[in-house]
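# Structural features, examined
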Amino acid sequence: MPDAVIPGRDEIPQEHKWNLSKLFSNDEEWERALGALGAMEEKIPSYRGTLGASAEGLGAWMDFYRDLGLLEERLGYYAMLRQSEDEGDSQARTMMGKFTMAASRVSAASAWADPEIMAIPSDKMESFLAQERLGEYRIYLQKLLRFKPHILSDKEEKILALQSENEDALDNTFSVLTNVDLDFGQIETPEGLRPLSQSSWIVLMENPDRDLRKRTYDAFYGQFDAHKNTLASLYGGSVKQDVIKARIRGYPSARAMALYPDQVGEEIYDNLISTVGQNLGPLHRYYSLRKRVLKVPDLRHYDAYVPLVGGLEKKTTWEEGVDLVCQALSPLGDEYTGVLKEGLLGRWADRYENKGKSSGAFSAGSYAGDPYILMNYKDDSVRDVFTLAHEGGHSMHSYYSARANPFMHYNYTIFEAEVASTFNEELLFRHLLGQEAGQDRQLRLYLVNRRCDEILGTLYRQTMFAEFEARSHQLEEEGKPLTLDVLRLEYRQLLEKYFGPEMVLEEASDLEGLRIPHFYRAFYVYKYSTGISASLALADRVLGGGPRERSDYFGFLSSGGSRFPMESLKMAGVDMGSPEPVAAACRVFEALVKELEELLV
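Summarised in this report is the structure supplied together with it. (Residues numbered from 1 in each chain as written. Predicted model: local features only at pLDDT ≥ 70, side-chain atom pairs only at ≥ 80, totals over all residues. Heavy atoms only, no water.)

### Let's talk about the environment of F220
Along the chain, F220 turns up in helix 10 (residues 210-226). F220 gets classed as buried once you look at its relative accessible area, which sits at 0%. (Helix = DSSP H or I, 4+ residues; strand = E, 2+ residues; numbered from the N terminus. Buried < 20%, exposed > 50% of the residue type's maximum accessible area, 1.4 Å probe, protein only.)

What follows is the structure in structure tokens.
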């Protein structure tokens, strides 16, 4: 797809777009289904008071609730995917708005159900769960009952459900402010003026021209500096909201509340921060290498992202990229690669950029539809081949989970999701390193440098973010106001800790802590770090093992929500309760840094 002209949505060939017909054949069918959701909403009260009468009564509600959830998921995914095709499409945005309001009404109308289930005496519920009538729902109900200490009365639950639509207000305000209202201006480049935006920021920061990077950095953070008080207020409000919600529901802390659904102990979180903190030496070595290779008198924050190796003049069409990914994943067997290849060459994926399309990439796997993939694929970017492998990992995870589990517990956790995607990236890296880079020093340099940056960004950087989240929430829980100065000081201390002695920070560097979107989904980012640690260990196990190790991995892919993530990973062969997988991931990074030193210095 040429970079010079970005086509409109209607100019993209049909075969290069995803096929959403498994969800709905068109928008009109979606509208009719939205009406059907409204009709189902009206039936919700008729089940009230029947859930504790018998296993049959509870089963009837669960059948209805399952069908309601299936319809709601189809509606939500279709609207979201349609909107992502063109963010400026008013019809798609209207659909998304309609769905959000309808889903909020359904949530409020059914808010009584969980408290009513919780009110069933334990011995009675035990006898219900022993009956075959509830077999399909047993795991779902057992997981739900874990929340019994934190479920409120039906009246209180309804109040919380009614205000749930407003829960994202701070996140939405942050998004509108940073993506729409902030005007970053334009940057003079050798190719002429270029608009500076959240999307173009990282591209410009990877430019080899240091003066261009500095001007970009100053202009970008100048806008955040101009709005720093608003940004600090938004983030501080988000943290306060987390703490209040945890207290309302009776959790010991906001972090405990966030980790509870995955049955992840707070010691796992602390273990990650501690283990990475004990292995910062290789990271500091990498920044020392960066300073030497870039030949700069001092390493600055705007020098942290430029590749140490120039870009490759290598074209890889979509079809060639799919073949390459499938070759790399061949240790997983013909079924895995065959299904993935058919989906990617078929219409699972929305392949190329068009005007208004969501940036980046994602996988959206639902129970009824295909495991759809949004890409903005460019055939001159080796990085996009890795992105294809990454999103393909998510989609195949969804594919196996949906086929091995009932709807009510097919969905795997984010904790597990990052394992399947980064596992695929690791297999692609090893394949390219062993096959194509054996005789091509420049390709090998590029791949090792890229892998260093990937692990740095996913393991070390996300752990730094996780440590900041833990600190900010702890301060709020201790009654210490999260002022702008407090937030900046906490973040600067972490920048100094992780970047090490070679980095000379700018005055505005600590404003980075006020511009990270993931912070509005508290205690989320640590899952990236644990995910890549688990995937590196599993890649070693699968590639170095035989049929049993591969079978264990497929057991993980198929487990869906039938087990808690720590359990499913342990069955696959990785114990994330131990510091070893994280320490091993740090050793992988250290080995890559050493090889890069040998290749570059």
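### A short note on the packing of aromatic side chains
All told, the structure shown has 48 aromatic pairs when counted by the stated rule. Of the aromatic side chains, those joined through ring pairs into one cluster are Y336, W348, Y399, Y400, F423, Y553, F554 and F556. Looking at R450, its charged tip hangs above the ring of F386, at a distance of 3.9 Å from the centre. (Phe/Tyr/Trp six-rings, centres within 6.5 Å; stacked < 30°, edge-to-face > 60°. Lys NZ or Arg CZ within 6 Å of the ring centre and 35° of its normal.)

### Concerning helix 20 (residues 484-499)
With 16 residues, helix 20 ought to run about 22 Å at 1.5 Å a step, and its terminal C-alpha atoms sit 22 Å apart, in line with that. Buried residues of helix 20: L484, L487, R488, E490, Y491, R492, L494, L495, Y498 and F499, and no others. Contacts made by the buried residues of helix 20 are with helix 10, helix 11 (228-249), helix 13 (266-277), helix 14 (281-294), helix 19 (441-477) and strand 7 (503-504). Note on helix 20: the residue one or two positions beyond its end, G500, has a positive phi of about 85°. (Expected span 1.5 Å × (residues − 1). Contact = heavy atoms within 4.5 Å.)

### Some remarks on the environment of E490
By the secondary structure assignment, E490 is in helix 20. Through-space distance from the C-alpha of E490 to that of R471 is 7.7 Å; in sequence the pair is 19 residues apart. Non-local contacts of E490, meaning those with residues more than four positions away in its chain, are made with F468, R471 and L475.

### Notes on the side chain of K527
Within the secondary structure, K527 sits in helix 21 (residues 526-544). Its relative accessible area of 11% is what places K527 among the buried residues. Beyond its immediate chain neighbours, meaning those up to four positions away, K527 contacts D262, I414, F415 and E418.

### Let's talk about the sheet that holds strand 5 (residues 362-364)
Two modes of strand pairing occur in sheets, parallel and antiparallel, and in both the strands are linked by backbone hydrogen bonds. Spatially, the 3 strands line up as an open sheet ordered 4-6-5, and their pairing is mixed. Two strands lie at the open edges of the sheet, namely strand 4 (349-350) and strand 5, each paired on one side alone. Where strand 5 lies against strand 6 (residues 372-374), 3 bridges are found, and the strand directions are antiparallel. Within strand 6, the residue paired with A364 across the bridge is Y372. Relative to the sheet, helix 2 (residues 55-85) contacts strand 5 and strand 6, its axis offset from that of strand 5 by approximately 150°. (Pairing = 2+ DSSP bridges. Axes fitted to C-alpha atoms, helices over the stretch in contact; angles between N-to-C directions.)

### Here's the deal with the environment of I516
Relative to the assigned elements, I516 resides in the loop between strand 7 and helix 21. Expressed as a C-alpha distance, the spacing of I516 and G281, which sit 235 residues apart in the sequence, is 25 Å. If we skip the residues at most four places from it in the chain, I516 touches F174 and F465.

### Observations regarding the pattern of salt bridges
For the coordinates displayed, the defined rule picks out 53 salt bridges. The closest approach of N and O atoms between D379 and K315, which form a salt bridge, is 3.8 Å. With D379 in the loop between strand 6 and helix 17 (382-404) and K315 in the loop between strand 3 (299-300) and helix 15 (318-328), this residue pair connects regions lying 64 residues apart in the sequence. Take D379: its relative accessible area is 23%, and that puts it in the partly exposed class. Owing to a relative accessible area of 58%, K315 belongs among the exposed residues under this scheme. Overlapping salt bridges, with partners in common, bring together R9, D27, R82, E85, D89, D350 and K357 in one network. (Salt bridge = Lys/Arg side-chain N within 4 Å of Asp/Glu carboxyl O.)

### Looking at the nonpolar core
If you look at the biggest cluster of nonpolar residues, it comprises 138 residues, and the most contacted ones within it are W318, Y336, L428, L459, Y553 and F589. Examining the composition of this core, we find that 16 residues originate from one element, helix 19, more than from any other. Other than its neighbours up to four places away in sequence, Y553 contacts L332, A420, F423, L538 and V542. If you look at the next biggest cluster of nonpolar residues, it comprises 47 residues, including A33, I44, M118 and L141. (Core = buried A, V, L, I, M, F, W, Y, C linked by side-chain atoms within 4.5 Å.)

### Description of the side chain of R450
Looking at where R450 falls in the secondary structure, it is placed in helix 19. Sequence-distant contacts of R450, defined by excluding residues within four places in its chain, comprise R383, F386 and E425.

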